[in-house]
Amino acid sequence: EIPFDSERKRMAVLAGEADGSRMVHLKGSAETVLPCCTALLNADGERPMSEADRKSILAEVDRMSESALRVLAFASKRQTGDTIDEAGLTFLGLIGMIDPPREGVTEAIAACHRAGVAVVMITGDHPKTAAAIAREIGLLREGEETLTGTDLTHLADDELRECCARVRVFARTTAEQKLRIVHAFQRSGHVVAMTGDGVNDAPALHEAHVGIAMGRGGTEVARQAAAVVLTDDNFATIVAAVEEGRSIFSNIRKFLRYLLSSNIGEVLTMFLGVVFASVLGLVSEAGEAFIVPLAATQILWINLLTDAAPALAVGVDPVDPGVMGRAPRRRSDRVIDREMWLSFFVAGLTMAVATLAVLDLALPGGLFPGSHNMTYGRTLAFTTLVFCQLFNVFNSRSDYGSAFSHLFTNKLLWGAVALSAALQVAVIYVPFLNTAFDTTPITAQDWVLCIGMASIVLWVEEIKKFILRATGYADRKTHATAQRAVA
């Protein structure tokens, strides 16, 4: 036996017959089998093969290939000796096989395109077979070219990089050529994931940023060379993994956005409360010392309420429906970018201003002289800051989308917010907690004031997001304008 390989594109076996003679049987691509044939077998028997016969056979191969069939040519001859001789064979015929795309592949490729992920087919099949399948699954449009392995041999590396920018189907490729294509995409700055199942895929699987082997139909060599093994051999699973990865990254950003903006709000509340203490009336009765806006135990309680249940709940937010419509991240992108830091400070400053405004309304001697004592004023400010952060958790669920969009998809988040609000009520109305946290019961009117002022952080963020969406900035930032390659 001479096994099939991607260079020869054919397989030959030598079989012993009952009469003691030997038969050579050959199968492979028509382009490699026909040059070995000098005769043709048809209904009338065996006869010499003419040039017209060769053209007719190749035309039939093209016709079958255009119907998405994988075509194998067969030939044989009798010979003497135990060494396979592939010359002077008799052409027997063609067999066309179809391997229809799996259900969901067309939708998965469309999802990749929306996500800015370029899908490229690299196959050993006939170019017309590859093109027909590619058109069927939405990978190739009319008029787009298909590049063959023969074409690749005449291209320099720079020319191949240029071709990779526009070509989406590579046919009749060898293992070496698959590796060249992967390197060409990488040198163009793309992040490349390569899928494969055969021995000839192993070099490209190993060199790609992410090698993905087929677990069911793949060879052991391919599985060893890959970084990921698919247990169901389904391309749609790769797309689902991309969506899950983007969702996890998005939730990490939500978690950080919520915690950091809330903590900045606490820091600015304390800092600005001390800096503007005389303006806000935060001075001792003797006028000799400044008083901090919130007690240490109150700050610790806020962190306990907001850094626990709500933060964890926003970290497991369901997949955002728009996550696959965003441009892929570049490898150089930071988890927290400049825009996020600006958002943190805007939200934090809004929380601090709302909290200190409520405190000023409650205490005498400030911009808006009130009539309450320090304990009552602190209770109002304390409650306002807690609810500022509970409103802020809904802001943190999206960079540009409204907090009211998909509002009830995360039931854990609503449970966490309800628990935090209930605990805050307990701190205000349970006597022994009043002593521990320096709080006092407040009226229903004051509850309206605290919650109303706390909601400002929500409305400020909603106005900002509305402006970004209305000006098209959000679309430019989130829509998939850059391509990343999946080969």
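Calculation notes
- Residues numbered from 1 in each chain as written.
- Predicted model: local features only at pLDDT ≥ 70, side-chain atom pairs only at ≥ 80, totals over all residues.
- Heavy atoms only, no water.
- Helix = DSSP H or I, 4+ residues; strand = E, 2+ residues; numbered from the N terminus.
- Rg over C-alpha atoms; globule rule 2.2 N^0.38 Å.
- Contact = heavy atoms within 4.5 Å.
- Areas by Shrake-Rupley, 256 points an atom, 1.4 Å probe, with all protein chains shown as cover.
- Lys, Arg positive; Asp, Glu negative; His and termini not counted.
- Charge placed at Lys NZ, Arg CZ, Asp CG, Glu CD.
- Pairing = 2+ DSSP bridges.
- Patch = residues over 30% accessible without salt bridge, like charges linked within 9 Å, V, L, I, M, F, W, Y side chains within 5 Å.
- Salt bridge = Lys/Arg side-chain N within 4 Å of Asp/Glu carboxyl O.
- Buried < 20%, exposed > 50% of the residue type's maximum accessible area, 1.4 Å probe, protein only.
- Polar contact = N/O pair within 3.5 Å; in protein donor to acceptor, adjacent residues only side chain to side chain.
- Axes fitted to C-alpha atoms, helices over the stretch in contact; angles between N-to-C directions.
- Parallel < 35°, antiparallel > 145°, perpendicular 65-115°, else oblique.
- Left-handed = near helix turned anticlockwise from the far one by under 90°.
- Nonpolar A, V, L, I, M, F, W, Y, C, P; charged D, E, K, R; others polar.
- Core = buried A, V, L, I, M, F, W, Y, C linked by side-chain atoms within 4.5 Å.

Visitor: Quick question: what am I supposed to make of the overall build of the chain here?
Guide: Across its full length, the chain holds 20 helices and 14 strands. For 487 residues, the compact-globule estimate of 2.2 N^0.38 gives 23 Å, and the chain exceeds it by more than 25% at 35 Å. Taken along its principal axes, the extent of the C-alpha atoms in the chain is 120 × 45 × 30 Å. Sequence-distant contacts in the chain: of pairs separated by 6 or more residues, those separated by 24 or more amount to 65%. Accessible surface, the chain as shown: approximately 23,600 Å² in total, 61% of it carbon and sulfur. Separation of charge centres in the chain, based on 45 positive and 54 negative side chains, amounts to 2 Å.

Visitor: Explanation requested: the sheet that holds strand S9 (residues 147-148) in the structure shown.
Guide: Strand order in the open sheet formed by 3 strands is S8-S10-S9, and the pairing between neighbours is parallel. Since the sheet does not close on itself, it has two edges, and those belong to strand S8 (121-122) and S9, each with one partner. Two strands pair when backbone bridges link them, and S9 and strand S10 (residues 169-171) are joined in this way by 2 bridges, in the parallel orientation. When the bridges of S10 are listed, Thr148 appears paired with Ala171.

Visitor: What am I meant to see in a nonpolar patch on the surface here?
Guide: A surface patch of nonpolar side chains, about 770 Å² in accessible area, is lined by Val267, Phe271, Val275, Phe276, Val279, Leu361, Leu367 and Phe368. Here the nonpolar patch gets 3 residues from one element, more than from any other, and that element is helix H10 (residues 235-275). Locating Phe271 in the fold gives a position in helix H10.

Visitor: Could you clarify how one ought to interpret the side chain of Asn434 in this entry?
Guide: Locating Asn434 in the fold gives a position in helix H17 (residues 431-437). On the basis of relative accessible area, Asn434 is assigned to the buried category, the value being 13%. Polar contacts involving the side chain of Asn434 include one to the side chain of Thr439, which spans 2.9 Å.

Visitor: How should unusual backbone geometry be read in this particular structure?
Guide: With the exception of glycine, most residues fall at negative phi, and the peptide bonds are largely trans. Of note in this structure, Ala68 is not a glycine but carries a positive phi near 70°. Relative to the elements of secondary structure, Ala68 occurs in the loop between helix H2 (51-66) and strand S5 (70-79). The exposure class assigned to Ala68 is buried, which follows from its relative accessible area of 7%. Of note in the backbone geometry, Asp438 takes a positive phi value of approximately 55° without being a glycine. Its place among the elements puts Asp438 in the loop between H17 and helix H18 (444-454).

Visitor: Explain the packing of helix H14 (residues 338-362) against H18 here, please?
Guide: If you want to describe how two helices pack, look at the angle between their axes and the distance between the axes. Put simply, H14 and H18 touch, their axes get as near as 9 Å, and they point 155° apart. Judged by the inter-axis angle, H14 sits roughly antiparallel to H18. Between H14 and H18 the crossing geometry is right-handed. Taking contact as the criterion, the partners of Ala354, Ala357, Val358 and Leu361 in H14 are, on H18, Leu449, Cys450 and Met453. Residues belonging to the contact of H14 with H18 are distributed by class as follows: 7 nonpolar, no polar and no charged.

Visitor: Would you mind going over the nonpolar core with me for this structure?
Guide: Judged by nonpolar contacts, the single largest core of 56 residues is most densely connected at Leu294, Leu380, Phe382, Val386, Phe387, Val393 and Phe394. Considering each element in turn, this core owes the most residues, 11 residues, to helix H15 (residues 374-395). In this structure, Ala68, Ile109, Ile133 and Ile238 belong to the second largest nonpolar core, which totals 29 residues.

Visitor: Mind showing me how you'd approach the pairing of strand S11 (residues 193-196) here?
Guide: If a strand is regular, its side chains alternate between the two faces of the sheet. Pairing of S11 with strand S12 (residues 210-214) involves 4 bridges; the strand directions are parallel. Considered in S12, the bridge of Ala193 is made with Val210.

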